[in-house]
Amino acid sequence: MKDKRYTIKMSLNIEETNDTCGEKNITFYNEDNALDHIIILGEFFDLLLENKSWGTTGSNDELVERILKPIREKIEPPKKKEVA
């Protein structure tokens, strides 16, 4: 029996021509893992959309931290308790 695979696909669709470019696929062998990743990606996209002025001078440290902090909190390993 073939292993099940779950693929997340992301690409840019050019609506005028219906062409795609910048395609990226990542495959998982566990449905829960794939769903966890797509949820994080969705949240990341939502945060990115808050930035209305991209470019080399469009961001600042506060904006970058506001975008990355929630994602970092989800993917960082748990903090180990220090033994005194």
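Structure report, in brief. The shown structure was predicted, so the numbers you read here are calculated from the model rather than taken from an experiment.

This part is about the overall build of the protein chain. The number of helices and strands found in the protein chain is two helices and two strands. N-terminal to C-terminal, the α/β element order of the protein chain is β-β-α-α. Taking all 84 residues of the protein chain together, the buried fraction comes to 10%. Long-range pairs, those at least 24 residues apart, make up 30% of the contacts in the protein chain between residues at least 6 apart in sequence. Accessible area of the protein chain: about 7800 Å², with a carbon and sulfur share of 54%.

Side chains of Met10, Leu41 and Phe45 sit close together on the surface and give an oily, nonpolar patch of about 240 Å² of accessible area. Mapped onto the secondary structure, Met10 falls in strand E1 (residues 6–14).

Here we take up the environment of Ser11. On the secondary structure map, Ser11 appears in strand E1. On the basis of relative accessibility, which here comes to 40%, the residue Ser11 falls in the partly exposed class. Sequence spacing of Ser11 and Cys21 is ten residues, and the spatial spacing of their C-alpha atoms is 6.0 Å. In this view, Ser11 contacts Thr20, Cys21, Gly22 and Glu23; residues no more than four positions away in its chain are not counted.

What counts and how
- Residues numbered from 1 in each chain as written.
- Predicted model: local features only at pLDDT ≥ 70, side-chain atom pairs only at ≥ 80, totals over all residues.
- Heavy atoms only, no water.
- Helix = DSSP H or I, 4+ residues; strand = E, 2+ residues; numbered from the N terminus.
- Buried < 20%, exposed > 50% of the residue type's maximum accessible area, 1.4 Å probe, protein only.
- Contact = heavy atoms within 4.5 Å.
- Areas by Shrake-Rupley, 256 points an atom, 1.4 Å probe, with all protein chains shown as cover.
- Patch = residues over 30% accessible without salt bridge, like charges linked within 9 Å, V, L, I, M, F, W, Y side chains within 5 Å.
- Salt bridge = Lys/Arg side-chain N within 4 Å of Asp/Glu carboxyl O.

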